[in-house]
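Listed below are the residues making up each chain.
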Amino acid sequence: MVNPGLVLDLVERVGATAQHGTVTVPLGEGGTDRLTATVTDWCARTGNELVEVRDRVATVRRGRSPDPIAELAPDLVPGTRLWMYTNFDCNLACDYCCARSSPQTPRRALGLDRVRRLAAEAGQADVSELILTGGEPFLLPDIDDLVAACTAVLPTTLLTNGMLFRGRRLDALLRMDRTRLALQISLDSATSALHDQHRGRGSWDRAVAGIRTAQDNGFRVRVAATLPYEQTHELEPFHRFLDTLGIAPGDQVIRALAHRGVADHGIELTLEALIPEVTITADGVYWHPVSADHDDQLVTRDIFPLSDAIAEVRSRFIEQRARSNAAAQWFPCA
Amino acid sequence: MSKPLMVGAVAYTPNVVTIWEGIRDYFADTVAEMDFVLFSHYGRQVDALLDGMIDVAWNTNLAWVRTVAQTDGNCRALAMRDTDAVFQTVVVARSGSNLEGLDSLKGRRLALGSRDSAQAAILPVYYLDHSGPGADAVDLVRIDSDVGKHGDTGRSELDALRMVLDDRADAAALGINTWESIGREELMPGTFEAVWSSPTYSHCNFTVLPAVSEERTAPWLDLLFAMDWDNPEHRPILEMEGLRRWVPPVLDGYTSLFDAVEEQGISPRW
């Protein structure tokens, strides 16, 4: 027999709670599945939300939790930007690389066929921008074909260390669509010392040269710096330097160093702390580009169809926000 | 700019704050700004209306009847929820009880809600007298929880249902809103069934005294009636307050309660 008082308890306890507050209601006697179905049905009829059933106790929210997707700025909605790791190998071995990239890292290339299909499906899935990253994408012999597959569909940004713009790689760069492509080149400081300390001797000079090459050939260039969190407030000299390079203020991107990959320190970026940005690698779909080499933020191995992958990331984000909201309401102040 | 219209409401649940903040925000920056004052029970609210502390009282049907009695009818009802115009009392028994209609309650135990609840106590007695075997022919079990809030919390009705479950009563009298909130017969099949439903009657309304002119209330009413279920900004407030649209008051719907209050000797004051 199903506990006949269950619905009475729900009405009484939820009714005495403020909007968006949660209450717990023991299921009482009867099969868990049947009683859970009763709570689910009652919540659906009355406009409330079953948060969870654990240890035969239902947690119910009065009203429905706010839609965390609707609360985000439009450009932060998961799936608005699609990140693709074209490869994981790199000509550098930066000591803070979140993707553990280096010359010895296996390539794990996404490949032209998958990039082409992802770009096509992105165009149908309300994605507004494609972002290609690595590793160092210019190590790929077909990087210009990958970029062309993307720029044919959506505005695209290509992340690079800017050090390889010579010979056939420069030729590949020059074949890219300047009207649809922005280059984001990594540069960590206004002078070579700090940059070279993390990224290798001589890398600052070559990166600055790469920025100038790209600019001279008509490309929009963003510069992204990765700095220890404690240094992210002393940026005036760096911005002044970037101004002299002709980098627009809005294209000067500063990122705090994350404790991910080979970095031995940095800010902790857990799944709960990150608004997801759908990220595709050869290995699957990840929560965020900073964690594309970390199983704790692997969402699914199934890259296709892309719309399902985006829906899965959004669904998990909604669940995660609901859990954190519930925890915030429960956590006692004293 | 004129002073904001002060609306009184009874805080029978914490959600009342959310509801009235939402309604206040809806009127903000309009020609009919309002604010609200919450009271612990309807007696205090109607006293505040009579004292001029508030301009409008969001009254239950019993609070309306008592306001009419204390002002000799010198008060106006401005509006009500669509659900207030078709309120009902439902008598509920255990499934399979074979009870049907008010006459089947003769000699049975009927659990009533708080004595100041029109839907769960006053009108059930009225209908037993006028459409059933008479209240004296039924063993009335009264549950006076949350007196002062006129049954708004629904707690006494839930307690009445628990008495039926525990076989301490054969049937319980509920407002249609409580019957809906437990999912009628559908959510717990085999548990409860409706034995009888009353004719429709009126429940809450916004009440004002003559001191508050129609010139002041008309713009406010125009905006109130303009709240739109299909507008996503208005919808949450309407859902929480339990209506789809605000409607003009149906005054005929209070006749049964006026008669019941007189017949049962219920005080016009508190």
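Residues numbered from 1 in each chain as written. Chains lettered and ligands numbered in written order. Predicted model: local features only at pLDDT ≥ 70, side-chain atom pairs only at ≥ 80, totals over all residues. Heavy atoms only, no water.

(A) Focus on the overall build of chain B. What chain B contains, in helices and strands, is nine helices and twelve strands. Within chain B, the proportion of its 270 residues that are buried is 56%. Contacts in chain B between residues far apart in sequence, at least 24 positions, make up 75% of those at least 6 positions apart. Surface summary for chain B: the accessible area is close to 11,200 Å², and the carbon and sulfur share equals 47%. (Helix = DSSP H or I, 4+ residues; strand = E, 2+ residues; numbered from the N terminus. Buried < 20%, exposed > 50% of the residue type's maximum accessible area, 1.4 Å probe, protein only. Contact = heavy atoms within 4.5 Å. Areas by Shrake-Rupley, 256 points an atom, 1.4 Å probe, with all protein chains shown as cover.)

(B) Layout of the side chain of B:Glu157. Residue and element names in this part refer to chain B. For Glu157, the position within the fold is in helix α5 (residues 155–165). Put simply, Glu157 is tucked away with no salt bridge, and the nearest opposite charge, on Arg155, sits 11 Å away. Ignoring anything within four residues of it in the chain, the contact list for Glu157 reads Ser117, Gln119, Ala120, Gly151, Ala173, Leu174, Gly175 and Thr178. (Lys, Arg positive; Asp, Glu negative; His and termini not counted. Salt bridge = Lys/Arg side-chain N within 4 Å of Asp/Glu carboxyl O.)

(C) Up close: the pairing of strand β2 (residues 49–54) of chain A. Residue and element names in this part refer to chain A. In this structure, β2 lies alongside strand β3 (residues 57–61), joined through five bridges in antiparallel fashion. Bridge pairing in β3 places Glu49 opposite Arg61. Where β2 folds back onto β3 in an antiparallel hairpin, the turn is made up of two residues, including Asp55, whose phi is positive at roughly 50°. (Pairing = 2+ DSSP bridges.)

(D) Molecular detail of the environment of B:Ser97. Residues and elements named next belong to chain B. Examined against the element boundaries, Ser97 turns out to sit in the loop between β6 (89–94) and β7 (109–112). Sequence separation between Ser97 and Glu193 is 96 residues; the distance between their C-alpha atoms is 8.5 Å. At a separation of 3.4 Å, a polar atom in the side chain of Ser97 contacts the side chain of Glu193. (Polar contact = N/O pair within 3.5 Å; in protein donor to acceptor, adjacent residues only side chain to side chain.)

(E) Broad picture of the interface of chain B and chain A. With 21 residues of chain B at the interface, the matching set in chain A holds 21 residues. With both chains or domains summed, chain B and chain A bury close to 1,700 Å², and 59% of this area falls on carbon and sulfur atoms. Summed over the three residues of chain B that lose the most area to chain A, namely B:Arg162, B:Leu187 and B:Met188, the buried surface amounts to 31% of that side. Here chain B and chain A share three salt bridges between them. Note that B:Arg162 is salt-bridged to A:Glu12, the shortest N-O span being 2.8 Å. Inspection of the chain B/chain A interface yields seven residue pairs in polar contact (both at pLDDT 80 or more). When contributions to the side of chain B that touches chain A are tallied by element, the ones reaching two or more residues are α1 (15–27), α5 and α8 (235–241) of chain B. The leading source of residues in the side of chain B that touches chain A is α5(B), at six residues. (Buried area = accessible area lost by both parts, 1.4 Å probe.)

(F) Summary view of the layout of surface pockets. All names here are of chain A. The calculated volume of the second largest pocket comes to roughly 1,000 Å³. Forming the walls of the second largest pocket are 45 residues, and the residues nearest its centre are Trp83, Cys98, Leu159, Thr226 and Arg255. For the lining of the second largest pocket, the secondary-structure elements that each account for two or more residues are β4 (81–85), β5 (129–133), β6 (156–160), β7 (181–186), β8 (220–227) and β9 (252–256). At four residues, the largest contribution of residues to the lining of the second largest pocket is made by β9. (1 Å grid on protein atoms, 1.4 Å probe; cavity = no way out; pocket = protein on both sides within 12 Å on 5 of 7 lines; lining within 4 Å. Points joined across faces, edges and corners; volume = space filled by probe spheres on them.)

(G) Representation of the packing of helix α3 (residues 112–123) of chain A against helix α4 (residues 143–151) of chain A within the structure. Residues and elements named next belong to chain A. Taken N-terminus to C-terminus, the directions of α3 and α4 make an angle of 15°; their axes are 8 Å apart at the nearest point. Relative to α4, the element α3 is oriented roughly parallel. In the packing of α3 onto α4, the handedness of the crossing is right-handed. When α3 is examined against α4, the residues Leu112, Val115, Arg116 and Ala119 are found in contact with a partner set consisting of Asp145, Leu146, Ala149 and Cys150. Residues of the contact of α3 with α4, tallied by class, amount to six nonpolar, no polar and two charged. (Axes fitted to C-alpha atoms, helices over the stretch in contact; angles between N-to-C directions. Parallel < 35°, antiparallel > 145°, perpendicular 65-115°, else oblique. Left-handed = near helix turned anticlockwise from the far one by under 90°. Nonpolar A, V, L, I, M, F, W, Y, C, P; charged D, E, K, R; others polar.)

(H) Seen up close, the packing of helix α6 (residues 192–199) of chain A against helix α7 (residues 203–216) of chain A. All names here are of chain A. Between α6 and α7, the shortest axis-to-axis distance is 8 Å and the interhelical angle comes to 110°. Relative to α7, the element α6 lies roughly perpendicular. Across the interface between the two elements, Ser192, His195, Asp196 and Arg199 from α6 touch Ser203, Trp204 and Ala207 from α7. When grouped by side-chain class, the residues that make up the contact of α6 with α7 number two nonpolar, three polar and two charged.

(I) Focus on the environment of B:Asp167. If you trace the backbone, B:Asp167 turns up in the loop between α5 and β9 (171–175). Separated by 73 residues in the primary sequence, B:Asp167 and B:Arg94 have C-alpha atoms spaced 9.1 Å apart.

(J) Structural context of the sheet that holds β2(A). All names here are of chain A. Read across the sheet, three strands follow the order β1-β3-β2 without closing on themselves; strand pairing throughout is antiparallel. Lying at the two open borders of the sheet, with one neighbouring strand each, are β1 (22–26) and β2. If you compare each strand with its neighbour and ignore which way they point, the axes differ by 25° on average. Lying over the sheet, helix α1 (residues 6–15) contacts β1 and β3, oriented at roughly 160° with respect to β1. Running at roughly 165° to β2, helix α2 (residues 32–46) makes contact with β2 and β3 of the sheet.

(K) Region of the structure containing the pairing of β8(A). Residues and elements named next belong to chain A. Burial runs high along β8: seven of the eight residues are buried. Of the strand pairs in this sheet, β7 and β8 are connected by five bridges, and their pairing is parallel. Its bridge partner lying in β8, Ala182 is registered against Arg220.

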